[in-house]
Amino acid sequence: MDSKSHKTTADKLVYMANQIAMFFHTQPKDEAVAGVADHINHFWEPRMRAQLFTILDQDDNGLDPLVIEAAKQIRKPGPVPA
Amino acid sequence: MSLIEEIDYGTPAGTSEKMITLTIDGNEVTVPEGTSIMRASMEAGIKVPKLCATDMVDAFGSCRLCLVEIEGRNGTPASCTTPAMEGLIVRTQTQRLKDIRKGVMELYISDHPLDCLTCAANGDCELQDMAGAVGLRDVRYGYEGDNHVFAKAGGVANDRWLPKDESNPYFTYDPSKCIVCSLCVRACEEVQGTYALTIEGRGFNSRVASGAHDNFIDSECVSCGACVQACPTATLTEKSVIEIGQPEHSKVTTCAYCGVGCSFKAEMRGEELVRMVPWKDGKANRGHSCVKGRFAYGYSTHKDRILNPMIREKISDPWREVTWDEAYKHVANEFRRIQYQFGRNSIGGITSSRCTNEETYLVQKLVRAGFGNNNVDTCARVCHSPTGYGLRQTFGTSAGTQDFDSVEHTDVVMIIGANPTDGHPVFASRLKKRLRKGAKLIIVDPRRIDLVRTPHVEASYHLPLRPGTNVAVVTSMAHVIVTEGLFDEKFIRERCDWDEFQDWAAFVSSPEHSPEAIEQISGVSPQLLREAARLFATGGNGSIYYGLGVTEHSQGSTTVMAIANLAMATGNIGRKGVGVNPLRGQNNVQGSCDMGSFPHELPGYRHISDESTRDIFDKLWGIKLQDEPGLRIPNMLDAAVDGTFKGIYIQGEDILQSDPDTKHVAAGLAAMECVVVHDLFLNETANYAHVFLPGSTFLEKDGTFTNAERRINRVRKVMSPKNGYADWEVTQNLAKTMGLNWNYTHPSEIMDEVALTTPSFAGVSFDLLDREGSVQWPCNEKAPLGTPVMHIESFARGKGKFIRTEYVATDERTGPRFPLLLTTGRILSQYNVGAQTRRTDNVIWHEEDRLEIHPHDAEQRGIRDGDWVKVTSRSGETTLRALITDRVSTGVVYTTFHHPTTQANVITTDFSDWATNCPEYKVTAVQVGASNGPSDWQLKYDEQARRSRRIAPVLDAAE
């Protein structure tokens, strides 16, 4: 029972972020960027957002351009209170 | 304590608004027009003798006991079939009536066994009561004549006599006691809507028969119990009553199975449950039940229940029984150690949709206030989280809009991705009742569910779409409604944002959303789709009911929004008979969401980032809540595999069996250092647990459940917890051990805290619930008795919001390696992962999960009915036996997931809803082929499960 998942968490986060972008691509243009950022701010736990920022720093990260555009509005996670 | 006796008015209530007054035995009675004289009499407190009438079914007029005399009319009409009219003068007791009744009873009794003292119905027999009521003292005919009572007559076999049918595990049919009143037949037809029973033969030969003279178990009978409840004699009797005897006290409580939330009387003798009888005043079920709630409660006393806490160092060790104190201390120490070592956010909890609101509230409070983080989630994650998200975006409230009574006022019902006759049977019966009276039905489902065509019900349209194409089909229906000008402009202008509507209307009107264009994607005939859309838009009150076939997709949330768009565009919101109605899976999945079980939301769906809401809890709990959302279940498992999440407290949920991609769940659990499972049984998740805390059943605690219609129903304790503590007490003791100062002495105090902190629950208290029976939230100053129908004058969010819903194909696609689409569902007799129902006699109906496959697909693969087949997906493989049927289309296969050995979730993938991470259970590309037996994974899993369930024998202290 030691089987490993076939995808890494980073793979999954990229996939999830792109899925969110896919939805907002179909929404009116002016709402799309804020829509992606709001959604991620609302539902992604800080360590997921931190990982997303790490991914954003990489070239060829596989992220949808809308996610990259929305990144400016995604909240940087603060330190975890002790 | 006493037995709750409900008044039987004999015939259903009149619904007319016009009132009429008549005189019965000198009493003036005012009733709605259309009320029977029998019912009017009962309302005046006069019990007219009866045998073939009950207020659950229409009058029939066969027993000839309820006769009355009416001034100015000839004869002695039956009071059940004669409507009350203005000015009538009725007498219920005259010499002529007395003589007739006594004569009728004499005939009945002449063909009925006289074994009253040893009869199971002794003390609860209407025939016995009526013999008493009419003063029967003598049967002049004797008992030797032609009869159905004795197996032999004069040493010769009696052809009329029939043996008892004991084939159903829960009730018996004894033809010798039948008086042919037809109540059972009518209950089966009118209340349940199955038409399994009939009267065979004529005259003195008449007998009740199930199916075409089958045993009950071989007939179409669905074992709902309506016939048993209606039977006035011991002909149909619960086996539990035969075994135990008549109950002596009862309490009203709420079923712990599906999201319908039926009210039952738990009828008791001491602390022994004699039977569960549906309560007529239950507003969700109106006196009806299904096989699960009525009969399948045996798991509560099953030998597999674990009654003592247990711990172990490693999951490969056997379990060691410990005291509660030791268990609490172990958990508290481990959780604190993990947090010290890996950070405050390295642990979390999962609340249960099977536990009460109060218990759920405490678990999320333990996580937020005790663990100091927001890592709390609930199994709604894997079922209806898209409902919460989608309806919140469009309407402003994360819940269905109606009550179940609303179905009585609907004209067109659209069912999408739900199978009510199996998943929500009591609602299905209420729906079928309305359909038989003329409402139209549209079904959108890949599979030909029973409601497509079933006795006296036929859907006008069945759109058999390919799994995963809901958004395309529902958006295309909107295309038809908008382009053909069938939308409700007045409603939209008044209630919704007109600019948003126009944007949406332009979007859906584009040619790529036309039924002709989407046929290629969905496989649905454009003509059928157009006609169905027209019917929905123009057929009167249109209501939409949907289930997990909508939510459990990559685009689950988008479909919910598409459904909401459709309801708004056709003006079907804000009154009786319309609305958007999610059929919730578990008894308290609505409640667990309401109680703040999601990692981003505090009770009442208030986002954790909202400072004013946090402030309420900060002050009350004396803490500082984190303002960031926590991890959802799939994220917890990912974090566990990554090494940042190490401990979890799981109350009443079996994520290893119920969550997708079993191997990943197993890897996540195996990576944790302290897994605490709080459950009735050593479930599959417990294979990976370090601590096991025994749970209690719904019969063993007080609290509330909230059903799919937002109805808060009371759960009442009828027996002491076998494990010693109700689940809320266990959570509280654990919290205390972790240093929290909690001192709840009764669940009502927990609900008081919910009311104090949560505006939509502000008016809720146990006192109110005891007084009113139940209320639907919001319940507050504005709606002191709750809110049956939501969004009446305006939407909760102000203006209803139309949202564009573009179809995006799931990435789970068929191809040469995996050419078939697997979709999943459930069956009437089993429930969810089966932990409860598999431990009852319900297994007689469903011993194993089967793979439904179309004859064409089966033939191509050389598969015969009953063969073992291997189902392979990109995630894994499993084996089960095939069931060849054309209920599924070619290219689609289907299975249920009630048995752990099936391992259906080994093959489901990790794709999930874009907005909520709700897994895509309903679409998996698979290949099916012949197999010799269980897969390697199944064998390995069985061995691991067997080893991990070992409990070390307790050593004698003297040794």
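Residues numbered from 1 in each chain as written. Chains lettered and ligands numbered in written order. Predicted model: local features only at pLDDT ≥ 70, side-chain atom pairs only at ≥ 80, totals over all residues.

Within an unreviewed UniProt entry, the label attached to chain B reads Formate dehydrogenase subunit alpha, and the organism entered is Phyllobacterium brassicacearum.

An unreviewed UniProt entry annotates chain A as Formate dehydrogenase originating from Phyllobacterium brassicacearum.

S.K.: Lay out the overall build of chain B with the relevant residues and their values.
M.R.: Of the regular secondary structure elements, chain B holds 30 helices and 38 strands. Across its three principal axes, chain B shows a C-alpha extent of roughly 90 × 85 × 65 Å. In chain B, buried positions account for 59% of the 959 residues. Sequence-distant contacts in chain B: of pairs separated by 6 or more residues, those separated by 24 or more amount to 72%. (Helix = DSSP H or I, 4+ residues; strand = E, 2+ residues; numbered from the N terminus. Buried ≥ 20, exposed ≤ 12 C-beta atoms within 10 Å, placed from the backbone. Contact = placed C-beta atoms within 7 Å.)

S.K.: Explain the overall build of chain A to me, using residue names and the numbers behind them.
M.R.: Helix and strand counts for chain A stand at four helices and zero strands. Structurally, chain A occupies a C-alpha span of about 45 × 35 × 25 Å along its principal axes. Burial statistics for chain A: of 82 residues in total, 37% are counted as buried. A fraction of 72% describes how many contacts in chain A between residues 6 or more apart in sequence connect residues 24 or more apart.

S.K.: Before we move on, can you summarise unusual backbone geometry with the specific residues and values?
M.R.: Residues and elements named next belong to chain B. Note that the residue after tryptophan 777, namely proline 778, is joined by a cis bond; omega there is 0°. Position of proline 778 among the secondary structure elements: in the loop between β32 (774-776) and β33 (820-825). At tyrosine 605, a position not held by glycine, the phi torsion is positive, near 60°. Here tyrosine 605 is to be found in the loop between β25 (601-602) and β26 (606-607). Judged by the 19 C-beta atoms lying within 10 Å of it, tyrosine 605 falls in the partly exposed class. Not every positive phi belongs to a glycine, and arginine 710 is a case in point at roughly 65°. Tracing the sequence through the fold places arginine 710 in the loop between β30 (703-706) and β31 (711-715).

S.K.: Hey, could you go over the domain arrangement of chain B for me, with residue numbers and the actual values?
M.R.: In terms of domain boundaries, chain B breaks down into domain 1 (19-133), domain 2 (152-301), domain 3 (327-383 + 588-756), domain 4 (398-582) and domain 5 (820-947). Split into classes, the residues belonging to the side of domain 3 of chain B that touches domain 4 of chain B amount to four nonpolar, one polar and two charged. (Domains from an automatic or database assignment. Nonpolar A, V, L, I, M, F, W, Y, C, P; charged D, E, K, R; others polar.)

S.K.: How would you explain the interface of chain B and chain A if you had to name every residue and give the values?
M.R.: With 31 residues of chain B at the interface, the matching set in chain A holds 25 residues. Counted by class, the side of chain B that touches chain A contains 10 nonpolar, 11 polar and 10 charged residues.

S.K.: Talk me through the sheet that holds strand β16 (residues 347-351) of chain B; I want residue IDs and the actual numbers.
M.R.: All names here are of chain B. Here we have seven strands laid out as an open sheet, ordered β15-β14-β29-β28-β27-β16-β17, and mixed in their pairing. Looking at which strands have only one partner, the edges of the open sheet turn out to be β15 (320-321) and β17 (376-378). Examined bridge by bridge, strand β14 (residues 310-311) and strand β29 (residues 691-694) share two bridges and lie antiparallel to one another. In the sheet register, isoleucine 311 faces β29, and the bridge partner there is valine 691. Most of the contacts of helix α9 (residues 357-371) go to β16, to which it runs at about 170°, and overall it touches β16, β17 and β27 (647-651). (Pairing = 2+ DSSP bridges. Axes fitted to C-alpha atoms, helices over the stretch in contact; angles between N-to-C directions.)

S.K.: Quick one: what's the story with the environment of B:Asp174, residue by residue and with numbers?
M.R.: Residues and elements named next belong to chain B. Mapped onto the secondary structure, aspartate 174 falls in the loop between β7 (171-173) and α4 (183-192). According to the C-beta neighbour criterion, aspartate 174 is buried, with 21 such atoms within 10 Å. When the C-alpha atoms of aspartate 174 and threonine 233 are compared, they prove to be 9.8 Å apart, with 59 residues separating the residues in sequence. When neighbours within four sequence positions are excluded, aspartate 174 is seen to be in contact with Lys164, Ala234 and Thr235.

S.K.: Can you tell me about helix α25 (residues 727-737) of chain B, naming the residues and giving the values?
M.R.: Along α25(B), the positions that sit buried rather than exposed are B:Asp727, B:Trp728, B:Val730, B:Thr731, B:Gln732, B:Leu734 and B:Ala735. Along its buried surface, α25(B) packs onto α8 (324-342), α9, β27, β28 (674-679), β29 and α26 (747-757) of chain B.

S.K.: Please provide a residue-by-residue account of helix α22 (residues 633-642) of chain B, values included.
M.R.: Residue and element names in this part refer to chain B. Within α22, nine of the 10 residues are buried, which leaves the element mostly enclosed by the surrounding structure. Of all the residues in α22, the buried ones are Ile633, Pro634, Asn635, Met636, Leu637, Asp638, Ala639, Ala640 and Val641. Glycine 643 occupies a position one or two residues after α22 and carries a positive phi of about 90°.

S.K.: Give me the lowdown on the confidence of the model for chain B, citing residues and values where you can.
M.R.: Residues of chain B with pLDDT of at least 70 account for 99%, and the chain-wide mean is 95. Of the two predicted TM-score estimates for the complex, the pTM is 0.95 and the ipTM is 0.93. (pLDDT = per-residue confidence, 0-100.)

S.K.: Requested: an account of the sheet that holds strand β37 (residues 892-896) of chain B, with residues and values cited.
M.R.: All names here are of chain B. The strand order around the closed barrel built from six strands is β33-β37-β34-β36-β35-β38, with neighbouring strands paired in mixed fashion. Across the sheet, the mean angle from the axis of one strand to that of its neighbour is 45°, orientation sign disregarded. When strand β35 (residues 868-873) meets strand β36 (residues 877-884), the two strands line up antiparallel, connected through five bridges. Directly across from valine 871, in β36, lies its bridge partner threonine 878.

S.K.: Tell me about the packing of helix α1 (residues 9-25) of chain A against helix α2 (residues 29-43) of chain A, residues and numbers included.
M.R.: Residue and element names in this part refer to chain A. Interhelical geometry of α1 versus α2 gives an angle of 145° and a closest axis separation of 9 Å. Seen from above, α1 lies across α2 with right-handed handedness. Residue-level inspection shows Ala17, Ile20, Ala21, Phe24 and His25 of α1 in contact with α2, the latter providing Ala32, Gly35, Val36, His39 and Ile40. Here the residues of the contact of α1 with α2 are counted per class, giving seven nonpolar, three polar and no charged. (Left-handed = near helix turned anticlockwise from the far one by under 90°.)

S.K.: Any details on the pairing of strand β12 (residues 263-269) of chain B? Residues and values, ideally.
M.R.: All names here are of chain B. Of all seven residues in β12, six are buried, a share of seventy percent or more. When strand β11 (residues 249-254) meets β12, the two strands line up antiparallel, connected through six bridges. Among the inter-strand pairings, lysine 251 is bridged to a residue of β12, identified as alanine 266. Sheet analysis places β12 next to strand β13 (residues 272-278), joined by six bridges and oriented antiparallel. Looking across to β13, one finds that lysine 265 is bridged to valine 277. With antiparallel pairing between neighbouring strands as the criterion, β12 and β13 make up a hairpin whose turn holds two residues, including glycine 270 at a positive phi of roughly 60°.

S.K.: Can you break down the UniProt feature "domain: 4Fe-4S Mo/W bis-MGD-type" (unreviewed entry) in chain B residue by residue, with the values?
M.R.: Taken from the UniProt record, the annotation "domain: 4Fe-4S Mo/W bis-MGD-type" (unreviewed entry) applies to residues 248-304 of chain B. Secondary structure content for residues 248-304 of chain B is 9% helix and 35% strand, while the C-alpha to C-alpha distance between its ends is 29 Å. (UniProt positions renumbered as here; feature names shortened; annotations may be inferred.)

S.K.: Mind laying out the environment of B:Glu166, listing which residues take part and the relevant values?
M.R.: Mapped onto the elements of the fold, B:Glu166 is located in the loop between β6 (156-157) and β7. Measuring from C-alpha to C-alpha, the distance between B:Glu166 and B:Trp777 comes to 44 Å, with 611 residues separating the pair along the chain.

S.K.: Quick rundown of the nonpolar core? Include the residues and the values.
M.R.: Residue and element names in this part refer to chain B. Counting residues in each nonpolar core, the largest one holds 168 residues, and the members touching the most others are Cys184, Ala187, Cys227, Ile442, Val473, Met477 and Ile563. Not counting residues up to four positions away in its chain, the partners in contact with methionine 477 are Leu529, Ala532, Ala533, Phe536 and Leu566. The next biggest cluster of nonpolar side chains, apart from the first, holds 67 residues, and it includes Tyr361, Leu366, Ile655 and Ala762. (Core = buried A, V, L, I, M, F, W, Y, C linked by C-beta atoms within 7 Å.)

S.K.: Explain the packing of helix α16 (residues 515-522) of chain B against helix α17 (residues 526-538) of chain B to me, using residue names and the numbers behind them.
M.R.: Residues and elements named next belong to chain B. Running from amino to carboxyl end, α16 crosses α17 at an angle of 120°, the nearest separation of the two axes being 9 Å. As for how α16 packs across α17, the hand of that crossing is right-handed. Of α17, the residues touching α16 (which contributes Pro515, Glu516 and Glu519) are Pro526, Leu529 and Arg530. Classifying every residue of the contact of α16 with α17 by side-chain character gives three nonpolar, no polar and three charged.

S.K.: So what about the confidence of the model for chain A? Which residues, and what values?
M.R.: In this model, chain A carries a mean pLDDT of 89, and residues with pLDDT of at least 70 account for 93%. Confidence drops under pLDDT 50 across residues 1-5 of chain A; counting only partners more than four residues distant or on other chains, this segment forms 11 contacts.

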